[in-house]
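Fold and geometry: a report
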Amino acid sequence: MIANQYYSKTIGEEKDYNIYISNIRDFLKGNLSSSINYFKNEMKISSKLLHFEKAQAAKEKIERLENYQSKSTVVSSKLNDIDVFSIISDSSHAYVNHLQVAFGRIVRFHNVEIKKKLDETKKDIYKNLTPWQRVQLSRHPNRPYTLDYIKAICGTSFLELHGDRNFKDDKAMIGGLGKIGNQTFMFIGQQKGYNTKTRQYRNFGMSNPEGYRKALRLMKSAEKFGIPVVSLIDTPGAYPGLEAEERGQGEAIARNIIEMTRLKVPIIVVIIGEGASGGALGIGVGDKVLMLENTWYSVISPESCSSILWRSWEYKEQAADSLKLTATDMKKSKLIDKIIKEPLGGAHYDRELTFKTVQDEILKTFKVLDKLEAPELIKARRAKYNEMGIFND
């Protein structure tokens, strides 16, 4: 018998047979249910899957069902093979514990096999993403935004500052003081919303001129007190509305660019999502520019490029490929300094790991820049941007 072959039997106080069987089945049922829930959460099977993930999602569902079906068959056969009379005659707490451990091992063994298959499938999906697919990942609704990074990195030390002292406070551009360890930083960045209401409140991460003027005011304050600046970029572009142009959108962005080239404190720029056009560049001039792996940085979005060149958005994938906007392309062109690796599947699959990685990179970069005096810092920063691009006489 299965029980006799694999487990020693300890004779003790006898209990009713039905109680033992009930306990075993409850134990197995609980393990199977928790396993199913775990893998559902692991793969995040929901309406928020991106288009290129859905084909693989169907394959994964089938694989999981097949594995659970085979696992259930194994468990059922084990229960059927147990000698009922042996259980009655040799029943004890220790004996039931032996059975529970055995069936637990069966469940765990299949869990390991399933997780291995899921990891392999995820690697196949994400190892060769196209530029357009990376653009989609940068816009994923579950992806962490600027405030998520700041709160995770600075905790309760972050003090948000408001207003440009001229027109009003732009909710799409946030900024304030925060600490990483014992070092104070001035954080600025665009903030998107999480639902319809907050997206409207944040103007979809598109700043008005007062947003860029607020950012400049905060950078100047940081310069006055010798505080390094960290800029987190995630915007589809500066707000293109008529009222924004009336208040000097182009001038505000241009002013920020020239002022950032001569700021006397270290500037660390991290692209955490979309980096579109002058909207990104308005807070994007820095001593070191870092990009997360699944982000993009370009003078124009793929959709807008497609609509201008082909009079249609249908060619956005071709446009994304031609724009060379991925982190790899940017590094190859020497327009950024470093690519920050993301967890498999994107920053939203493991937020805590992403926050920790970004924090470490900020501190590591600051330690290098902090050794330079202000004149050296400014000279190196200007030289860096002067050397970008290829010029023919």
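Residues numbered from 1 in each chain as written. Predicted model: local features only at pLDDT ≥ 70, side-chain atom pairs only at ≥ 80, totals over all residues. Heavy atoms only, no water.

**A few points about the layout of surface pockets**
- Roughly 250 Å³ of internal volume is contained in the largest pocket.
- Lining the largest pocket, in full, are Ser277, Gly278, Leu281, Gly284, Val289, Tyr297, Ser298, Val299, Met330, Leu335, Tyr385 and Met388.
- Broken down by secondary-structure element, the contributors of at least two residues to the lining of the largest pocket are helix H12 (277-281) and strand S7 (296-298).
- Element by element, the count of residues in the lining of the largest pocket is highest for H12, at three residues. (1 Å grid on protein atoms, 1.4 Å probe; cavity = no way out; pocket = protein on both sides within 12 Å on 5 of 7 lines; lining within 4 Å. Points joined across faces, edges and corners; volume = space filled by probe spheres on them. Helix = DSSP H or I, 4+ residues; strand = E, 2+ residues; numbered from the N terminus.)

**Re the packing of helix H7 (residues 146-154) against helix H16 (residues 351-369)**
- At a closest axis distance of 10 Å, the pairing of H7 and H16 adopts a crossing angle of 75°. Between H7 and H16, the angle is such that the two are roughly perpendicular. Here Asp148, Tyr149, Ala152 and Ile153 of H7 come into contact with H16, specifically with Arg351, Thr354, Phe355, Val358, Gln359 and Ile362.
- Its residues assigned to classes, the contact of H7 with H16 shows six nonpolar, two polar and two charged. (Axes fitted to C-alpha atoms, helices over the stretch in contact; angles between N-to-C directions. Parallel < 35°, antiparallel > 145°, perpendicular 65-115°, else oblique. Contact = heavy atoms within 4.5 Å. Nonpolar A, V, L, I, M, F, W, Y, C, P; charged D, E, K, R; others polar.)

**Here's the deal with the packing of aromatic side chains**
- According to the stated counting rule, one finds six aromatic pairs in the structure shown.
- When the centroid spacing of 6.4 Å and the interplanar angle of 70° are considered together, the rings of Tyr126 and Tyr349 count as edge-to-face. Linking Tyr126 in helix H5 (residues 93-126) with Tyr349 in the loop between strand S8 (338-340) and H16, this pair joins segments that are 223 residues apart in sequence.
- Accessibility expressed as a relative area gives 9% for Tyr126, which makes it buried.
- Taking 5.3 Å as the distance between ring centres and 75° as the angle between the ring planes, the aromatic pair formed by Phe185 and Phe366 counts as edge-to-face. Here Phe185 is found in strand S3 (residues 183-190), whereas its partner Phe366 is found in helix H16, with 181 residues between them in sequence. One exposure class covers both Phe185 and Phe366, and it is buried. (Phe/Tyr/Trp six-rings, centres within 6.5 Å; stacked < 30°, edge-to-face > 60°. Buried < 20%, exposed > 50% of the residue type's maximum accessible area, 1.4 Å probe, protein only.)

**A word on the confidence of the model for the chain**
- For the chain, the average pLDDT comes to 82, and 72% of its residues sit at 70 or higher.
- Long-range and interchain partners of residues 43-47, a stretch whose pLDDT sits below 50, account for 13 contacts in this model, where long-range means more than four residues apart.
- Counting contacts from residues 72-92, a segment whose pLDDT is below 50, to residues more than four positions away or on other chains yields 40 contacts. (pLDDT = per-residue confidence, 0-100.)

**Thoughts on the environment of Glu361**
- Residue position: Glu361 is located in helix H16.
- Each C-alpha atom, one on Glu361 and one on Ile340, is 8.0 Å from the other, the two residues being 21 residues apart in sequence.
- Ignoring sequence-local partners within four residues, the contact set of Glu361 consists of Leu290, Lys338 and Ile340.

**Looking at the pairing of strand S6 (residues 288-292)**
- Burial analysis of S6 places four of its five residues in the buried class, the great majority of the element.
- Taken together, the four bridges between strand S5 (residues 267-276) and S6 define a ladder with parallel strand orientation. From the neighbouring strand, Val270 faces S6, where its bridge partner is Leu290.
- Across three bridges, the pairing between S6 and S8 is parallel. Looking at S8, one finds that Met291 is bridged to Ile339. (Pairing = 2+ DSSP bridges.)

**So, the pattern of salt bridges**
- Across all of its chains, the model carries 22 salt bridges by this definition.
- Asp148 is the partner of Arg351 in a salt bridge, and the nearest nitrogen-oxygen pair spans 3.7 Å. Taken together, the residues span a long stretch of sequence, with Arg351 in helix H16 and Asp148 in helix H7 at a distance of 203 residues.
- For Asp148, a relative accessible area of 16% puts it in the buried group.
- Notably, a salt bridge pairs Asp337 with Lys384, separated by 2.7 Å at the nearest N-O pair. (Salt bridge = Lys/Arg side-chain N within 4 Å of Asp/Glu carboxyl O.)

**Notes on the pairing of strand S2 (residues 173-180)**
- Among the eight residues that make up S2, six are buried, leaving the element largely enclosed by the rest of the structure.
- Two elements, S2 and S3, share eight bridges in a ladder whose sense is antiparallel. Bridged to Gly175 within S3 is Ile188.
- Where S2 hands over to S3, the hairpin turn is made up of two residues, of which Gly181 adopts a positive phi near 70°.

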